[in-house]
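Examining the three-dimensional arrangement
The chain contents come next:
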Amino acid sequence: MPEHHDVIIIGGGPAGLTAAIYTARASLAPLAIEGYAAGGQLMTTTDVENYPGFPQGVQGPELMQMFRDQAERFGADLRTVDVTRVDLSSRPFGVWTDDGEHRADAVIISTGATAKWLGIESETRLRGYGVSSCATCDGFFFREKEMVVVGGGDSAMEEALVLARMASKVTVVHRRDSFRASQIMVQRVLEHPKIAVRWNAVVEEVVGDVAVEGVKVRDTVTGEHEIIPASAMFVAIGHTPNTGLFAGQLALDEAGYIVTDGTRTSVEGVFACGDVQDTVYKQAITAAGSGCEAAIDAERWLEAQENARPAEAAETAGA
Amino acid sequence: MADVMEITADNFQAVVLENEKPVLIDFWAEWCGPCRMIAPVVEQIAKERSDSLVVGKLDVDQHGALAARYGVQGIPFLALFEHGQVVRQAVGAMPKAQLERQLGLSD
């Protein structure tokens, strides 16, 4: 027998956990399936300096633990298992995990986004051996060595600044001639004595057989090649939404984001919030905000279904 | 968790290298987010395979020499030992099914 729930939330970052807090407080006893990436992208973020309420900043994992504790306090059922399949074609919706089949009247999707890779062979081969997407995790192994960061957004700036505490030198490789990161982060990077920037350059190859020895770049203006000596390369070139589970069942845009109107998706009763549908803001606070919206939308929708039900039942009885 | 042993420089030889059973070691650190993400997955594997597999975790911050000996340059680093030798390894946080596949544990 599948477990039946009013609401299932898929994904356990700021959006999903906020949706869990709100639906739990609305007595909907949500099942929040966090997946192996429980906590979301903030789990790999050290200092969160722009989340309101924390004037001194807060550690990403610490903030997510507080979200989880708050959701559990109101009775949300949080599970760290992965969703393997969903069926959104009929209600109640079906959600399958390693521990079985679940059914829900409403589904809130907050599966977030995953860091993108360059997609070149040498990068894949050397991943874990000097190629990484987590400066906080792996910078440690390359202390006092030269490192490269690829990217031009806030996460690239953050990685560069984290690494500059350990590296002898950090070179930021960016394909354009200016950064799209926020001004405060750009300024910190440009003013840092250990950080250099290689503008207008794209990575062609990570040089090295069993360890990173350098990063070969091509100048997009002159076409010239150069090898930047480095023991590690950190990739921070943006994110791609985690929507593989929903392909063919929900309307997605060209980049794979779930198409939403407010938090409503193309399937009635299925709501989406956070980075999985956000092509613009992608902040922890906006994810949390949209998680709240999805919870309220789901609650109202369920209420409307409930109100419609007695009439249906009466009709059936009369027939 | 009781299912996952704390591995240190002192017990490494006895628990990992001289074990009759295969041993899965999770090289991790306190400050590593993906390590925290994968910890529940490792615990689950330990629980499910408690009779066939020994599972331990090793803090690379405190035992840097051991991490260096096995060429750890990215964490979480998961190494499967058999008769004292690393036979399979996986780097980075990933779903349970994928980790089991990479470690050759899938049935």
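For the structure given in this document, a descriptive report is provided here. (Residues numbered from 1 in each chain as written. Chains lettered and ligands numbered in written order. Predicted model: local features only at pLDDT ≥ 70, side-chain atom pairs only at ≥ 80, totals over all residues. Heavy atoms only, no water.)

Along the chain, histidine 5 of chain A falls in strand 1 (residues 3-10). Every residue in contact with histidine 5 of chain A, bar those within four places of it in the chain, is listed here: Leu31, His102, Arg103, Ala104 and Asp105 of chain A. (Helix = DSSP H or I, 4+ residues; strand = E, 2+ residues; numbered from the N terminus. Contact = heavy atoms within 4.5 Å.)

Attention now goes to helix 2 (residues 60-73) of chain A. Residue and element names in this part refer to chain A. Taking 1.5 Å per residue, 14 residues should reach 20 Å; helix 2 reaches 20 Å between its end C-alpha atoms and fits that length. By the burial criterion, the buried members of helix 2 are Gly60, Pro61, Leu63, Met64, Phe67, Arg68 and Ala71. Buried residues along helix 2 cover an arc of 160° about the axis, so they all sit on one side. Just downstream of helix 2, glycine 75 is the residue with a positive phi angle, here 95°. (Expected span 1.5 Å × (residues − 1). Buried < 20%, exposed > 50% of the residue type's maximum accessible area, 1.4 Å probe, protein only. Arc of directions from axis to C-beta.)

The next subject is empty space enclosed by the protein. For the structure shown, the criterion picks out 1 cavity of 30 Å³ or more. A volume near 40 Å³ is recorded for the largest cavity. For the lining of the largest cavity, a count of residues per class yields 3 nonpolar, 2 polar and 3 charged. (1 Å grid on protein atoms, 1.4 Å probe; cavity = no way out; pocket = protein on both sides within 12 Å on 5 of 7 lines; lining within 4 Å. Points joined across faces, edges and corners; volume = space filled by probe spheres on them. Nonpolar A, V, L, I, M, F, W, Y, C, P; charged D, E, K, R; others polar.)

This part is about the packing of aromatic side chains. All chains considered together, the criterion is met by 11 aromatic pairs over all chains. Their ring planes at 50° and their centres at 6.4 Å tell us that phenylalanine 27 of chain B and tyrosine 70 of chain B sit as a pair that is tilted. Pair noted here: phenylalanine 27 of chain B is in strand 2 (residues 23-28) and tyrosine 70 of chain B is in the loop between helix 3 (64-69) and strand 4 (77-82), with a separation of 43 residues, a long-range link. Three or more aromatic residues joined by ring pairs make a cluster, and in this case those are Phe12, Phe27, Tyr70, Phe77 and Phe81 of chain B. One Lys or Arg, arginine 85 of chain A, reaches over the ring of tryptophan 96 of chain A and ends 3.9 Å from the middle of that ring. In this structure, arginine 127 of chain A is placed above the aromatic ring of tryptophan 117 of chain A, and the distance from its NZ or CZ to the ring centre is 3.9 Å. (Phe/Tyr/Trp six-rings, centres within 6.5 Å; stacked < 30°, edge-to-face > 60°. Lys NZ or Arg CZ within 6 Å of the ring centre and 35° of its normal.)

Counting 51 residues, the largest nonpolar core has Phe27 and Ile75 of chain B as its most contacted members. Among the elements that take part in this core, helix 5 (residues 154-164) of chain A stands out by supplying 7 residues, more than any other. Phenylalanine 27 of chain B has contacts with Leu58, Val60, Leu66, Ala67, Tyr70, Val72, Ile75, Pro76, Phe77 and Ala79 of chain B, leaving out every residue within four places of it along the chain. Core analysis: the second largest hydrophobic core is formed by 34 residues, Val58, Ala71, Leu78 and Ala106 of chain A among them. (Core = buried A, V, L, I, M, F, W, Y, C linked by side-chain atoms within 4.5 Å.)

Per the counting criterion, the structure on display carries 15 salt bridges over all chains. For arginine 79 of chain A, the salt bridge goes to aspartate 99 of chain A, with nearest N and O atoms at 3.7 Å. Taken together, the residues span a long stretch of sequence, with arginine 79 of chain A in strand 5 (residues 77-79) and aspartate 99 of chain A in the loop between strand 7 (93-97) and strand 8 (100-109) at a distance of 20 residues. Look at aspartate 99 of chain A and you get partly exposed, because its relative accessible area is 42%. A salt bridge links glutamate 30 of chain B to arginine 36 of chain B, with the shortest nitrogen-to-oxygen separation between them at 3.9 Å. (Salt bridge = Lys/Arg side-chain N within 4 Å of Asp/Glu carboxyl O.)

All names here are of chain A. Put simply, helix 1 (residues 14-25) and helix 2 touch, their axes get as near as 8 Å, and they point 20° apart. Looking at the two axes, helix 1 sits roughly parallel to helix 2. When you trace helix 1 past helix 2, the crossing you get is left-handed. Packed against helix 1, whose contacting residues are Pro14, Leu17, Thr18, Ala20, Ile21 and Ala24, the element helix 2 presents Met64, Phe67, Arg68, Gln70 and Ala71 at the interface. (Axes fitted to C-alpha atoms, helices over the stretch in contact; angles between N-to-C directions. Parallel < 35°, antiparallel > 145°, perpendicular 65-115°, else oblique. Left-handed = near helix turned anticlockwise from the far one by under 90°.)

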